[in-house]
Amino acid sequence: MKKQISNTLEELLKYFPKLDPPMTLSGEVIHTFSTRNKAIPAQLIDKLFRKWESMDEYSEIIPCFRLESSGEHFIIVYWKGGLLTYEYVLMTLNKKAGVIAKKVIAGTLSNNRTIKESVAVINKELQIFSVAGETDINKSAYNPENSASFCFEIMPDGSIGSTKEDNETWEEKERKN
């Protein structure tokens, strides 16, 4: 007999409509998700997202969608907004709402010197292609030499694997600096 999913996870998944790839995540599409999807109740954010995320009084979570998965794990994408940071987060969860894997796949990040923007495309094979660019806030022209691309895929066990050896995401590099 297959183990049932937790009531908490079942409640959470109601806020994430199933969508079929391909899809593109950029700064502009969050408006669509925020107007079409129901907001996640504060008690569910307190119970789950505060455990998964570093959050403060300015943080906002918007459910985006979920992807088809094996039934042994669940794939959701949500948007997290905060001061100078807007991120699309892909997360795989087990049946008890425990995190298997989590990765920021697109968003906007600023450190008051530069603005980094990233766009992600998810294809039918559950591969995520992300392109990130950086612009100096004091210059109006974009420099393509400041761009990087990344590729990830959701593995059958729910982990998120890299298709490149050195594939640290744009936001991970920025936070180390």
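(A) The arrangement of the packing of aromatic side chains in detail. Scanning all chains against the criterion turns up 4 aromatic pairs. Geometrically, the ring pair formed by Phe33 and Phe65 is tilted, given 5.8 Å between the ring centres and 40 degrees between the ring planes. Taken as a pair, Phe33 in helix H2 (residues 30-36) and Phe65 in strand E2 (residues 60-67) lie far apart in primary sequence, 32 residues in all. Phe65 gets classed as buried once you look at its relative accessible area, which sits at 0%. Residues Phe49 and Tyr78 carry aromatic rings whose centres are separated by 5.0 Å and whose planes lie at 85 degrees to one another, so their mutual orientation is edge-to-face. Residue Phe49 is found in helix H3 (residues 42-52), and its partner Tyr78 is found in strand E3 (residues 74-82); the two are separated by 29 residues along the sequence.

(B) Structural view of a nonpolar patch on the surface. A cluster of nonpolar side chains, contributed by Tyr58, Leu83 and Leu84, occupies part of the molecular surface with about 330 Å² of accessible area. Along the chain, Leu83 falls in the loop between E3 and strand E4 (85-93). On the accessibility criterion, Leu83 (59% relative accessible area) is exposed.

(C) Structural view of the pairing of E2. Burial of E2 is extensive: 6 of the 8 residues sit out of reach of the surface. Bridge analysis of E2 against E3 gives 7 bridges, and the strand direction is antiparallel. Bridge pairing in E3 links Leu67 to Ile75. Counted along the chain from E2 to the antiparallel partner E3, the turn is 6 residues long, and its residue Gly71 has a positive phi close to 95 degrees.

How each quantity is defined
Residues numbered from 1 in each chain as written. Predicted model: local features only at pLDDT ≥ 70, side-chain atom pairs only at ≥ 80, totals over all residues. Heavy atoms only, no water. Phe/Tyr/Trp six-rings, centres within 6.5 Å; stacked < 30°, edge-to-face > 60°. Helix = DSSP H or I, 4+ residues; strand = E, 2+ residues; numbered from the N terminus. Buried < 20%, exposed > 50% of the residue type's maximum accessible area, 1.4 Å probe, protein only. Patch = residues over 30% accessible without salt bridge, like charges linked within 9 Å, V, L, I, M, F, W, Y side chains within 5 Å. Areas by Shrake-Rupley, 256 points an atom, 1.4 Å probe, with all protein chains shown as cover. Salt bridge = Lys/Arg side-chain N within 4 Å of Asp/Glu carboxyl O. Pairing = 2+ DSSP bridges.

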